[in-house]
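Chain by chain, the residues:
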Amino acid sequence: MYFLNCFFIMNSDYRYKLETPRVTGRRQQKFTCPHCGRKKCFVCYVDTQNGNRYVADNVGKCDHQHSCGYHYKPSEYYHDNQWAQEPKVHPEDYCKPAPLPPFQPLDAQYVLRSHSPRSTFWQWFSTVVASRLNLSEQQVKDVFNDYYIGATRRRCVIFWQIDDQVRVHGGHIMQYRTDGHRDGYQGWTHVPLIKNGQLPANWTLYQCFFGQHLLARRPDDRVCLVESEKTALVMAACQPQFVWLATCGSGGLSPEKAACLKGRRVTLFPDSGCYEKWSRQMAQTTGINYYVDRQLEAYPPNTDLCDLLL
């Protein structure tokens, strides 16, 4: 059994990981993508058995999976560069993975204090979206309160991630223009809290689905899963009979995160181009009565339900 454990742990997928605070215990660094040239969107692979050092400055993954898609793995790097000898590590070291930092929920007071309609996003939603989809004032108000929509002083929107045990995992900060399109900036509420000393330096973000707290409140309703928070909110206003959740990115779906959906009836609506990816992830789950809808595959890449409605 010891040999088998070492065999599976010693594979390259375990040794080399994309840099995250959970893996390295330090803040994640994002660099300029060597393929598309955009800044602060490229995450490097680290060698977890060699001091979490970067493999190379071009070995990593771009955040822009659809428009760029650059993903250069360590195995490909060592295959392409025979001169770069892979560092040797004693086999026993592979069987000693570093313990993960404990999950530490944020204080719910942060959610309550930020709950505000002052963001540019919400002003667009409550006017433009409500007008185009003929939503009543009550429908808009219900969505705003159900999802605890927040705002920063600079009028960015805060999409809070709260799990089915009502624990606050984090707040996704995004800037939108008055036309409902993203302005490029995005961040997380824990970053300034760590900087100001209100959270420990090793505090680690463990994401959950956006809207996950609604599962416990509505145990019998069908669940619908989409990629973006924006789409989840628009659909929740149009079809409130379903519980609308968001993965917060095309890579935000995993068997671990989907565990909260066990025993539920779930329909997934991946953005066009992500059907196969989401189907593979759901195939690894158990106890979920799910269906992955592929109708959006007939549209251009990155099309979602919100695009079709608006």
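Read on for a plain summary of the structure. (Residues numbered from 1 in each chain as written. Predicted model: local features only at pLDDT ≥ 70, side-chain atom pairs only at ≥ 80, totals over all residues. Heavy atoms only, no water.)

A few points about helix α11 (residues 229–238)
Most of α11 sits inside the fold, with 9 of its 10 residues counted as buried. What α11 keeps buried is the set Glu-229, Lys-230, Thr-231, Ala-232, Leu-233, Val-234, Met-235, Ala-236 and Ala-237. (Buried < 20%, exposed > 50% of the residue type's maximum accessible area, 1.4 Å probe, protein only. Helix = DSSP H or I, 4+ residues; strand = E, 2+ residues; numbered from the N terminus.)

Observations concerning the nonpolar core
Phe-125, Leu-233, Trp-244 and Leu-261 are the most contacted members of the largest nonpolar core, which totals 52 residues. Not counting the four nearest positions on each side in its chain, Leu-233 is found in contact with Phe-121, Trp-122, Phe-125, Val-143, Tyr-147, Ile-149, Phe-159 and Phe-210. Within the second largest apolar cluster, 15 residues are counted, among which are Cys-62, Cys-68, Tyr-70 and Tyr-72. (Core = buried A, V, L, I, M, F, W, Y, C linked by side-chain atoms within 4.5 Å. Contact = heavy atoms within 4.5 Å.)

Section: the sheet that holds strand β11 (residues 265–268)
Here we have 4 strands laid out as an open sheet, ordered β10-β9-β11-β12, and parallel in their pairing. Both edges of this open sheet fall to β10 (243–246) and β12 (289–292), since each of them pairs with a single strand only. Each strand of the sheet is rotated relative to its neighbour by a mean of 20°, with strand direction disregarded. Pairing analysis gives 4 bridges linking strand β9 (residues 223–226) to β10, with the strands arranged parallel. Bridge pairing links Leu-225 to Leu-245 in β10. On top of the sheet, α11 reaches β9 and β10; it is set at about 170° to β10, its chief contact. (Pairing = 2+ DSSP bridges. Axes fitted to C-alpha atoms, helices over the stretch in contact; angles between N-to-C directions.)

A short note on the packing of aromatic side chains
Counting across every chain of the model gives 15 aromatic pairs. Centre to centre, the rings of Trp-244 and Phe-269 are 5.9 Å apart; their planes meet at 25°, and the pair counts as stacked. Of the two residues, Trp-244 sits in strand β10 while Phe-269 sits in the loop between β11 and α12 (275–283), which places them 25 residues apart along the sequence. Each member of the pair, Trp-244 as well as Phe-269, is classed as buried. Among the aromatic side chains, those forming a connected cluster through ring pairs are Phe-121, Trp-122, Trp-124, Phe-125, Phe-144, Tyr-147, Phe-159, Tyr-176 and Phe-210. Directly above the aromatic system of Tyr-54 lies the positively charged group of Arg-26, at a separation of 5.6 Å from the ring centroid. Taking NZ or CZ as reference, Arg-294 lies 4.2 Å from the ring centre of Tyr-275, over its face. (Phe/Tyr/Trp six-rings, centres within 6.5 Å; stacked < 30°, edge-to-face > 60°. Lys NZ or Arg CZ within 6 Å of the ring centre and 35° of its normal.)

Things to note about the sheet that holds strand β7 (residues 168–176)
Read across the sheet, 4 strands follow the order β5-β6-β7-β8 without closing on themselves; strand pairing throughout is antiparallel. Edge positions in the sheet fall to β5 (150–151) and β8 (182–188), since each has one partner strand and no second. As paired elements, β5 and strand β6 (residues 157–162) share 2 bridges and run antiparallel to each other. Counted as the bridge partner of Gly-150 is Ile-158 from β6.

Looking at the pairing of β11
Working note: regular strand, side chains alternate between the two faces of the sheet. The pairing of β9 with β11 spans 3 bridges and is classified as parallel. Following the sheet pairing, Cys-224 is matched in β11 by Thr-267. The sheet contact formed by β11 and β12 spans 4 bridges and is parallel. Bridge pairing links Val-266 to Tyr-290 in β12.

Comments concerning the pattern of salt bridges
Counted by the stated rule, this structure contains 7 salt bridges. Notably, a salt bridge pairs Asp-47 with Arg-15, separated by 2.9 Å at the nearest N-O pair. Here Arg-15 lies in helix α2 (residues 12–15) and Asp-47 lies in strand β2 (residues 42–47), a separation of 32 residues in the sequence. On the basis of relative accessible area, Asp-47 is assigned to the buried category, the value being 3%. (Salt bridge = Lys/Arg side-chain N within 4 Å of Asp/Glu carboxyl O.)

Topic: unusual backbone geometry
Notably, Asn-52 is not glycine yet its phi reads approximately 55°, a positive angle. Topologically, Asn-52 is positioned in the loop between β2 and β3 (53–54).

Regarding the packing of helix α7 (residues 120–132) against helix α8 (residues 137–146)
Helix packing geometry: the angle between the two helix axes and the distance between the axes. Interhelical geometry of α7 versus α8 gives an angle of 150° and a closest axis separation of 10 Å. Judged by the inter-axis angle, α7 sits roughly antiparallel to α8. For the crossing formed where α7 meets α8, the hand is right-handed. For the pair formed by α7 and α8, the contact residues are Trp-122, Phe-125, Ser-126 and Ala-130 on the first element and Val-140, Val-143 and Phe-144 on the second. Tallied by class, the residues present in the contact of α7 with α8 amount to 6 nonpolar, 1 polar and no charged. (Parallel < 35°, antiparallel > 145°, perpendicular 65-115°, else oblique. Left-handed = near helix turned anticlockwise from the far one by under 90°. Nonpolar A, V, L, I, M, F, W, Y, C, P; charged D, E, K, R; others polar.)

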